[in-house]
Amino acid sequence: MTKCGYVSVIGRPNAGKSSLLNWLVGEKIAMVSHKANATRKRSNIIVMHENDQVIFVDTPGLHETEKLLNQFMLDEALKAMGDCDLILFLAPVTDKISHYEAFLEKNKKNTKHLLLLTKIDFVSNEEVLEKMKEYEQYSDKYESIIPVSIKKATTHADILDVVVKHLPEHPYLFDPEILTTDHLRDIFKEFIRESIFENISDEIPYETDVLINKVEEKKNVDVIKATIIVQKSTQKGMIIGKGATAIKRIGKDARVKIEKLTGKKCFLELFVSIKKGWTKNKEGLKDLGYDID
Ligand SMILES: Nc1nc2c(ncn2[C@@H]2O[C@H](COP(=O)(O)OP(=O)(O)O)[C@@H](O)[C@H]2O)c(=O)[nH]1
Ligand SMILES: [Mg+2]
């Protein structure tokens, strides 16, 4: 009998959740940013480990917030936590233990979890051991504690062996060939959003979204039309940039990521449109797919 189950990946914004999943699946699917709060929705990333299937659920970070869009994001994380076979809690090695304590409180169903100490390439081995000792006071709470660095590690097995151990015996839930249940157009959207995070500073990326208007998959080329949605006209100016340099850079960066994933040429056409205050009211958020109860 094979093992198969859902594993939610939880931790504060910027803990390294999306990076870890891209690394485990060996393909760039989830968007990554050095800025916090880039991931907005849940996303399934499927990793086969020997004969077993792990369905990882990438989530936005756990954080305190008043903003409506961030409330949606927090809800996404909490839902994923309440509805899985196992949680991976990611704690950057330099973080205070209080983030973990806050997570324990939010884990209402006491779902089993592994504690992953991430980004250990930032510190010495002694510091890693010290941190592990500090967490030991909660050893009855977690199943295992595993130090990781995606910049240094060479094998996935250390993590996947332990993950699989805690999954139920179950037939595969998805075709073992697929890497994600996300639609290709949603991945394209995330790549464009990621490029906006990389190229545009300040708060603007947080008040920006992307709508994919059209994807035409031809034999040798994908033709994609997408609209970047901003909140006000000054932001539109920033996204376009002087002589349209900013939007050209965003388009080029996104195209490179898309072509790398699909292995095909991509023709990407970007538009910019203003949707006044879309992050500030429920209707505006709903129109862009962020449904708040
Ligand atoms: N040095 C180092 N940086 C990392 C590691 N994992 C993630 N990062 C960086 O941390 C930042 C946040 O990563 P991301 O995956 O977007 O975090 P998320 O918000 O939890 O999904 C990015 O700039 C990553 O490149 C790691 O193991 N080592
Ligand atoms: Mg993320």
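For the structure, check the block above.
Read on for an overview of the structure. Just so it is clear, the structure is predicted and the values come from calculations on it, not from any experiment. (Residues numbered from 1 in each chain as written. Chains lettered and ligands numbered in written order. Predicted model: local features only at pLDDT ≥ 70, side-chain atom pairs only at ≥ 80, totals over all residues. Heavy atoms only, no water.)

Taken together, Ser 18 (OG) and Thr 39 (OG1) make up the protein donors of the magnesium ion (ligand 2), found 2.1 to 2.2 Å from the metal. Of the two residues, Ser 18 sits in helix α1 (residues 17-25) while Thr 39 sits in the loop between α1 and β2 (43-49), which places them 21 residues apart along the sequence. Residue classification places Ser 18 among the buried positions, given a relative accessible area of 8%. Judged by relative accessible area, Thr 39 falls into the buried class, the value being 13%. (Donors = N, O, S within 2.8 Å, 3.2 Å for Na, K, Ca; no water. Helix = DSSP H or I, 4+ residues; strand = E, 2+ residues; numbered from the N terminus. Buried < 20%, exposed > 50% of the residue type's maximum accessible area, 1.4 Å probe, protein only.)

Quick look at the environment of Glu 207 now. The topology assignment puts Glu 207 in the loop between α6 (184-199) and β7 (209-217). Look at Glu 207 and you get buried, because its relative accessible area is 14%. For the pair formed by Glu 207 and Pro 147, sequence separation is 60 residues and the distance between their alpha carbons is 34 Å. With residues near it in sequence (within four places) discarded, Glu 207 still touches Arg 40, Ile 229, Val 230, Gln 231, Gln 235, Trp 278 and Thr 279. (Contact = heavy atoms within 4.5 Å.)

Neighbouring ligand 1 are 16 residues, the closest being Asn 14, Gly 16, Lys 17, Ser 19 and Asp 121. In the environment of ligand 1, an oxygen atom lies 2.9 Å from a nitrogen or oxygen atom belonging to the backbone of Gly 16. One of the backbone N or O atoms of Ser 18 is found 3.0 Å from an oxygen atom in ligand 1. Isolated, ligand 1 exposes 590 Å² of accessible area, and the fraction of that covered by the protein chains is 88%. A per-class count over the shell around ligand 1 returns five nonpolar, seven polar and four charged. (Near = heavy atom within 4 Å. Polar contact = N/O pair within 3.5 Å; in protein donor to acceptor, adjacent residues only side chain to side chain. Areas by Shrake-Rupley, 256 points an atom, 1.4 Å probe, with all protein chains shown as cover. Nonpolar A, V, L, I, M, F, W, Y, C, P; charged D, E, K, R; others polar.)

The next thing to look at is the packing of α6 against helix α8 (residues 245-262). Where α6 contacts α8, the two axes come as close as 8 Å, and the packing angle between them is 140 degrees. It follows from the interaxial angle that α6 and α8 lie oblique. Crossing geometry of α6 relative to α8 is assigned as right-handed. Contact residues: Leu 184, Ile 187, Phe 188, Phe 191, Ile 192, Glu 194, Ser 195, Ile 196, Glu 198 and Asn 199 in α6; Arg 249, Ile 250, Asp 253, Ala 254, Lys 257, Ile 258, Leu 261 and Thr 262 in α8. (Axes fitted to C-alpha atoms, helices over the stretch in contact; angles between N-to-C directions. Parallel < 35°, antiparallel > 145°, perpendicular 65-115°, else oblique. Left-handed = near helix turned anticlockwise from the far one by under 90°.)

Spatially, the six strands line up as an open sheet ordered β2-β3-β1-β4-β5-β6, and their pairing is mixed. Looking along the sheet, the strands with just one partner apiece sit at the ends: β2 and β6 (145-147). Across the sheet, the mean angle from the axis of one strand to that of its neighbour is 25 degrees, orientation sign disregarded. Here helix α4 (residues 125-135) sits on the sheet and contacts β4 (86-92), β5 (113-118) and β6; the angle it forms with β5, its principal contact strand, is near 150 degrees. (Pairing = 2+ DSSP bridges.)

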